[in-house]
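# Residue-level structure breakdown
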Amino acid sequence: MKIIFLGAPGSGKGTQSKRIAENLSIPQLSTGDILREAIKAKSSVGIEAKRYMDEGNLVPDHVIIGIIKERTGEKDCSNGYILDGFPRTVAQADALTEMLVAENQNLDKVIYLEIENDNVVERLTGRRVCSACGAEYHIKFKRSEKAGVCDLCQNELITRADDNEEKIRTRLEQYDQQTSPLIAYYEERNLLKKIPAKGDIQEITQNIMNALEG
Ligand code: AMP
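Just so it is clear, the structure is predicted and the values come from calculations on it, not from any experiment.

This next bit is on the sheet that holds strand β4 (residues 109–114). Read from one edge of the open sheet, five strands run β2-β3-β1-β4-β8, paired in parallel fashion. Every interior strand has two partners, whereas the edge strands, β2 (28–30) and β8 (192–196), have only one. Across the sheet, the mean angle separating the axes of adjacent strands is 25° when strand polarity is ignored.

Here you go:
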């Protein structure tokens, strides 16, 4: 299966796509996570991406498309994958369509997590991530057992550099201008499934599973 998760920053794409990937035993590919790893490793891609990410802007299409082509070609993707945070522009979506046509493959579904902008700021400013394993928490909605410490690996929880109100506003603008046209893009191709992103995490996962099976 090849599935895309689409939605505004803070819609829960990361959380839900990881849960679904586990259920389906396929890898979850997050371009944001791949870029943050590249920054940590100080690779040339990481150095180039950092200045865009720190401002809440999108990283140029050619960089992202290169990353996805390379990553989806790896062995663990042979039974499919979930894309979290890609595509984010029409040019990226076109590149993905072309890539899949060349491989004689197709997309199965696009899960669109619908959320109102008002809820996004609270979700993102309260988000904490593990500095080592990347696991996500929230100071109100998903607390770690011990404040500031990851339940899974006991390392320190941090706030992402782009999770402050100013950067969140920029990210939402980028989403509205560049990414939201993909809703119509995939609707026209009969691939879009809209899922309300508010409420209980497990319930949302179940709704997504139902949409994928239906
Ligand atoms: P995320 O972890 O998905 O919220 O992504 C964090 C940041 O990484 C974004 O604000 C962008 O700067 C960058 N990024 C991630 N995925 C993409 C993409 N598909 N296209 C452009 N920039 C991206």
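Before going further, it helps to spend a moment on the packing of helix α4 (residues 61–72) against helix α5 (residues 90–102). At a minimum axis distance of 10 Å, the contact between α4 and α5 shows a crossing angle of 30°. With respect to α5, the axis of α4 lies roughly parallel. Considering the relative orientation of α4 and α5, their crossing is right-handed. Here α4 contributes D61, I64, I65, K69 and T72 to the contact with α5, which in turn contributes A91, Q92, A95 and M99. Of the residues contributing to the contact of α4 with α5, the split by class is five nonpolar, two polar and two charged.

We now examine the site of the ligand. Around the ligand sit 16 residues, and of these T31, R36, N57, G85 and R88 come closest. In this structure, a nitrogen atom belonging to the ligand sits 2.8 Å away from a side-chain N or O atom of T31. In the model, a nitrogen atom of the ligand is placed 3.0 Å from a nitrogen or oxygen of the V59 main chain. Protein contacts shield 95% of the accessible area of the ligand, which totals 480 Å² for the unbound molecule. The element that contributes the greatest number of residues to the shell around the ligand is helix α2 (residues 31–40), accounting for four residues. Classifying every residue of the shell around the ligand by side-chain character gives six nonpolar, five polar and five charged.

That bond from F86 to P87 is cis: its omega, -5°, falls within 30 degrees of zero. Relative to the helices and strands, P87 resides in the loop between β3 (81–84) and α5. Phi at S25 takes a positive value of approximately 55°, unusual for a residue other than glycine. On the accessibility criterion, S25 (65% relative accessible area) is exposed.

Checked against the element boundaries, I64 lands in helix α4. Residue class for I64 comes out buried when judged on its relative accessible area of 6%. Linking I64 and L6, residues 58 residues apart in sequence, is a C-alpha distance of 16 Å. In this view, I64 contacts T31, L35, V59, F86 and Q92; residues no more than four positions away in its chain are not counted.

According to the stated counting rule, one finds 11 salt bridges in the structure shown. Note that R71 is salt-bridged to D76, the shortest N-O span being 2.8 Å. Classification of R71 by relative accessible area gives buried; the value is 18%. The residue D163 makes a salt bridge to R171 at a minimum N-O spacing of 2.9 Å. A relative accessible area of 4% places D163 in the buried class. Several salt bridges share partner residues, and in doing so they unite R127, E136, R160, D162, D163 and R171 into one network.

How each quantity is defined
In this numbering scheme, every chain counts its residues from 1 along its sequence in written order. At least 70 in pLDDT is required for a residue's local features to be given in this predicted model, at least 80 for side-chain atom pairs to be given and counted, and no such filter applies to totals for whole chains, interfaces and linings, which use all residues. Excluding hydrogens and water, the side-chain values take into account all heavy atoms of the structure. In this analysis, strands are considered paired if DSSP registers two or more bridges between them. In this description a helix means any DSSP run of H or I spanning at least four residues, a strand means any run of E spanning at least two, and both kinds are numbered starting from the N terminus. An axis is simply a line fitted to the C-alpha atoms; with a helix, the fit covers only the stretch in contact. Between two such axes, the angle follows the N-to-C directions and lies from 0 to 180 degrees. Any angle that falls under 35 degrees is termed roughly parallel, while one over 145 is termed roughly antiparallel, one within 65 to 115 roughly perpendicular, and all others oblique. The sense of a crossing depends on the near helix, which, turned anticlockwise from the far helix by less than a right angle, makes the crossing left-handed and, turned clockwise, makes it right-handed. Residue contacts are defined here by distance: any two heavy atoms, one from each residue, within 4.5 Å place the two residues in contact. Side-chain classes are defined by residue name, with Ala, Val, Leu, Ile, Met, Phe, Trp, Tyr, Cys and Pro counting as nonpolar, Asp, Glu, Lys and Arg as charged, and the others, Gly among them, as polar. Residues are classed as near a molecule or strand on a simple rule: at least one heavy atom within 4 Å of it. We define a polar contact as two N or O atoms separated by no more than 3.5 Å, with the added condition that, inside protein, one atom must be a possible hydrogen donor and the other a possible acceptor, whereas residues neighbouring each other in sequence contribute only through side-chain atom pairs. Per-residue accessibility takes into account occlusion by the displayed protein chains alone, with areas from the Shrake-Rupley method and a 1.4 Å probe. Burial classification: accessible surface area is computed with a 1.4 Å probe over protein chains only, and a residue below 20% of its type maximum counts as buried, one above 50% as exposed, and the rest as partly exposed. One side-chain nitrogen of Lys or Arg within 4 Å of one carboxyl oxygen of Asp or Glu is enough to make a salt bridge.

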